[in-house]
Amino acid sequence: MNSDISLSGHRASRFYQGAAATLVANALQAVNFLGDRFMRKSQHSLSAIEDLYRHSMDSAFSVTETFLVTGAPHASAYYPRDFAWFYPDVLDPETIMDAQDAVRRARLLEKSVRLLLEAVRADVVTTTIVPAGRGRYLGVNYFSRPSDTLLGILAGLQQMLSAEVRASSYLAMSQCAHAGRLLLAEYGADLKRAILKLASELEPFDADSVRYLLCDASGPRSAATDTRAERRRFVTNACVYTTFAWAVQLGIVDEVELKRLLGRDLAEYKKGLLRLFGKDGYIRHSLDGPAGTPVSMVALDFVSVHRGFWDLNDASERALFSATTDLILAEPRFRIPSTFHFLVSADNPRNKMIHKIAAPAYQGRSSWPTFNVEFADRMLDFDELSGSDTYRACAQGILKDIRTATEVHGGYQELISEQGLKYRTWAYKGAVAHSWFPRFLSVWSRAYGTPLLRCND
């Protein structure tokens, strides 16, 4: 899995899905988890943030890698969604250490996005792609079909295309942008077909004598926090809207074509989602589930993705965002004591046995540093677009505590437990999330007005 192969070479990749592919993929993933459990090397003995960052970037963007992944045990598989949720600032020049680092990042991003586009061309649009050797890949859905896979692919393309827009002296940036344009031209028709198919799959949902469109009205769809397998979730539907909006921005799909399928334009579609999920004055996590107190009905993943659902240009949208944010900030159960580390939700989810043995309970009483970074970034968006200074201090507090945790734990953690420790299950020993580190630095610079590290001096 670490062999240096060229995805654009002569040998075409082959993709498989179905019951047999899922069985093999599960077996491979079990081996990956067991290998991580018994063979993971001890953590690096660094504590200074500068040294931790350099070590992380050398690991995340090693020339031996074939795909951009985190340092988690399940990262032997590839997750298209991660390019939207977790890797949006891989090419931020302020986070790049030197010209060699820029080349490694651009090259690995291109290889990764190309593989995902090849999967789309093969009509394998799944949550997870598991390498099976010799250019063969298994497409498998864990829990349910995806709502954010295409979104992740578009995010990877967006990052490549915008690489040369940011002020940078690195030649690799313009080369990456050129490669992105070639990929868009080569695979644009395949993306269009997949996106229009997604639009055709939306289902009507009637509430209060109004007909809405949801991607998960009758069955759950997967997003970055999907282990509750709930229907009618805000985040899954926000991901689908953002996929359509980005596809229009990139010129992949004409909005007229989407309107024909949706029966409404994108602005109306978004307003409907806000009206449906925000009818109580805050953004409800899911329309399913028992009634409860307002704070038990919200979840941190409402912040969505970078430059995604929330543009906060409208006063009513800002009011919904602010009300939901204030619920989270005011509830002690959302916070690791004495910190600005926010947990995904106030209540425990339904934990299955596999979550206790192997995999994290994404939607539960654990803190994702990356979601906290996005929470901080949305707060800064709110302040900027409302002309206020409402949340900047809280955003700075979030980032400061993530820096502290990074230095204490010896790297940027994928998850932190409810007690503020490394997240641990039997097979999940608290992975270091190398590839998420640059996003943290990007938002830090925005919050404080100055870089945390001078990477390329």
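Below, the structure is looked at part by part. (Residues numbered from 1 in each chain as written. Predicted model: local features only at pLDDT ≥ 70, side-chain atom pairs only at ≥ 80, totals over all residues. Heavy atoms only, no water.)

## Here's the deal with the overall build of the chain
Defined as follows: Strands here are runs of E lasting at least two residues and helices are runs of H or I lasting at least four, both read from the DSSP assignment and numbered beginning at the N terminus. The contact definition used throughout considers only heavy atoms, calling two residues in contact when any of these lie within 4.5 Å. Using a 1.4 Å probe, the Shrake-Rupley method yields the accessible areas, and only the shown protein chains count as cover for residues. Under this rule, positive means Lys or Arg and negative means Asp or Glu; His and the chain ends count for nothing. In plain terms, the charge of a residue is placed at NZ if it is Lys, CZ if Arg, CG if Asp and CD if Glu.
Scanning the chain for helices and strands turns up 14 helices and 7 strands. Dimensions of the chain along its principal axes, counting C-alpha atoms only, are 55 × 50 × 50 Å. The contacts in the chain between residues at least 6 apart in sequence include a share of 72% that link residues at least 24 apart. In the structure as shown, the chain presents an accessible area of about 18,300 Å², 53% of it carried by carbon and sulfur atoms. Put simply, the chain has 53 plus and 51 minus side-chain charges, and the middle of one group is 5 Å from the middle of the other.

## A closer look at the pairing of strand E2 (residues 128–131)
As a reminder, the rule being used: A 1.4 Å probe rolled over the protein chains alone gives each residue an accessible area, and that area as a share of the maximum for its type sets the label: buried under 20%, exposed over 50%, partly exposed in between. When DSSP finds two or more bridges between a pair of strands, those strands are recorded as paired.
Going residue by residue along E2, you find Thr128 and Val130 tucked away on one face and Ile129 and Pro131 tucked away on the opposite face as well. Both E2 and strand E3 (residues 136–140) contribute to a ladder of 4 bridges, which runs antiparallel. Looking at E3, one finds that Thr128 is bridged to Val140. Between E2 and E3, which follow one another and run antiparallel, lie 4 residues, and Gly133 among them has a positive phi close to 90 degrees.

## What about a nonpolar patch on the surface?
Stated formally: Like-charged residues are merged into a patch within 9 Å and nonpolar side chains (Val, Leu, Ile, Met, Phe, Trp, Tyr) within 5 Å, provided each residue has over 30% relative accessible area and no salt bridge. One speaks of a salt bridge when a side-chain nitrogen belonging to Lys or Arg is within 4 Å of a carboxyl oxygen belonging to Asp or Glu.
The grouping of Leu34, Phe38, Met39, Met353, Ile357 and Trp426 at the surface amounts to a nonpolar patch, some 700 Å² of accessible area in total. When residues of the nonpolar patch are traced back to their parent elements, those giving at least two are helix H1 (19–39) and helix H11 (353–357). With 3 residues, the single largest contributor to the nonpolar patch is H1. Take Leu34: it is sitting in helix H1. Overall, Leu34 belongs to the partly exposed group, its relative accessible area being 43%.

## Quick word on the packing of helix H12 (residues 369–386) against helix H13 (residues 392–409)
Note the following rule: As a rule, the C-alpha atoms of each element are fitted with a line to give its axis, helices using only the stretch in contact, and angles between N-to-C directions run from 0 to 180 degrees. Any angle that is under 35 degrees is reported as roughly parallel, and any over 145 degrees as roughly antiparallel; angles of 65 to 115 degrees are reported as roughly perpendicular and all others as oblique. Two helices crossing with the near one rotated counterclockwise from the far one by less than a right angle form a left-handed crossing, whereas a clockwise rotation gives a right-handed crossing.
For the pair H12 and H13, the least separation of the axes is 9 Å and the interaxial angle reads 160 degrees. When the interaxial angle is binned, H12 and H13 end up roughly antiparallel. Read as a crossing pair, H12 and H13 show a hand that is left-handed. Residue-level contacts link Pro369, Asn372, Val373, Phe375, Ala376, Met379, Leu380 and Asp383 of H12 to Arg392, Cys394, Ala395, Ile398, Leu399 and Ile402 of H13.

## Some details on the packing of aromatic side chains
Here the distance between the centres and the angle between the planes together describe a pair of aromatic rings. Using the following cut-off: Each aromatic pair joins two rings of Phe, Tyr and Trp (for Trp, the six-membered one) with centres within 6.5 Å, and gets the label stacked for planes under 30 degrees apart, edge-to-face for over 60, and tilted for any other angle. A ring is scored as having a charge over it whenever the NZ atom of a lysine or the CZ atom of an arginine sits within 6 Å of its centre and within 35 degrees of its normal.
Across all of its chains, the model carries 31 aromatic pairs by this definition. With centroids separated by 6.1 Å and ring planes inclined at 25 degrees, the aromatic side chains of Phe321 and Phe382 adopt a geometry described as stacked. One end of the pair, Phe321, is in helix H10 (residues 315–330); the other, Phe382, is in helix H12, with 61 residues separating them in the sequence. Of the two residues, Phe321 and Phe382, both sit in the buried class. The lysine or arginine in question, Lys270, covers the ring of Phe309, its NZ or CZ lying 5.0 Å from the ring centre. It is Arg335 that lies over the ring of Phe340; its NZ or CZ is 5.0 Å from the centre.

## Brief notes about the pattern of salt bridges
Here the idea is simple: oppositely charged side chains can pair when their charged atoms come close. One pass over the structure, following the stated rule, counts 32 salt bridges. Notably, a salt bridge pairs Arg145 with Glu201, separated by 3.5 Å at the nearest N-O pair. Note that Arg145 is positioned in strand E4 (residues 145–146) and Glu201 in the loop between helix H6 (171–200) and strand E5 (203–207), a separation of 56 residues in sequence. With a closest N to O distance of 3.2 Å, Lys270 and Glu317 form a salt bridge.

## Side note on unusual backbone geometry
One non-glycine residue with positive phi stands out, namely Arg134, at about 55 degrees. The topology assignment puts Arg134 in the loop between E2 and E3. In this structure, Arg307 takes a positive phi of about 55 degrees despite not being glycine. Counting through the fold element by element, Arg307 comes out in the loop between helix H9 (266–277) and H10. Overall, Arg307 belongs to the exposed group, its relative accessible area being 65%.

## Digging into the state of the cysteines
Stated formally: Cysteine sulfur atoms are paired as a disulfide whenever they come within 2.5 Å of each other.
Under the defined criterion, the tally for this structure stands at 0 disulfides. Here Cys215 is not disulfide-linked; the sulfur of Cys239 is the nearest cysteine sulfur, at 8.3 Å. With a relative accessible area of 0%, Cys239 lands in the buried category.

## Some words on the sheet that holds E2
Strand order in this open sheet of 3 strands is E1-E3-E2, and the pairing throughout is mixed. The open sheet is flanked by strand E1 (14–16) and E2, the only strands paired with a single partner. Neighbour-to-neighbour, the strand axes of the sheet open up by a mean angle of 30 degrees, direction not taken into account. Summarising the sheet, E1 and E3 pair through 3 bridges and their orientation is parallel.

## Some points on the nonpolar core
The cut-off we apply is this: Residues belong to a common nonpolar core when they are buried Ala, Val, Leu, Ile, Met, Phe, Trp, Tyr or Cys residues joined through side-chain atoms within 4.5 Å.
By size, the foremost hydrophobic cluster in this structure holds 140 residues, and its most contacted members are Phe244, Tyr269 and Phe440. At 13 residues, H6 tops the list of elements feeding residues into this core. In this structure, Ala25, Ala77, Tyr79 and Val130 belong to the second largest nonpolar core, which totals 7 residues.

## Things to note about helix H2 (residues 49–60)
Defined as follows: Every helix has an expected span of 1.5 Å times one less than the residues it contains.
In this model H2 runs 16 Å from its N-terminal to its C-terminal C-alpha over 12 residues, within 8% of the 16 Å that 1.5 Å per residue would give. On its buried side, H2 packs onto helix H4 (99–121), H13 and helix H14 (437–448).

## Let's talk about the packing of H12 against H14
The test is simple: All amino acids are sorted into three groups, where Ala, Val, Leu, Ile, Met, Phe, Trp, Tyr, Cys and Pro are nonpolar, Asp, Glu, Lys and Arg are charged, and the leftover types, Gly among them, are polar.
Across the interface, H12 lies against H14 with an axial gap of 10 Å and an inter-helix angle of 30 degrees. The angle between H12 and H14 falls in the class roughly parallel. Crossing handedness for the pair H12 and H14: left-handed. Only Arg439, Phe440, Val443, Arg446 and Ala447 of H14 make contact with H12, whose side of the interface consists of Val373, Glu374, Ala376, Asp377, Arg378, Leu380, Asp381 and Glu384. When its residues are assigned to classes, the contact of H12 with H14 shows 6 nonpolar, no polar and 7 charged.

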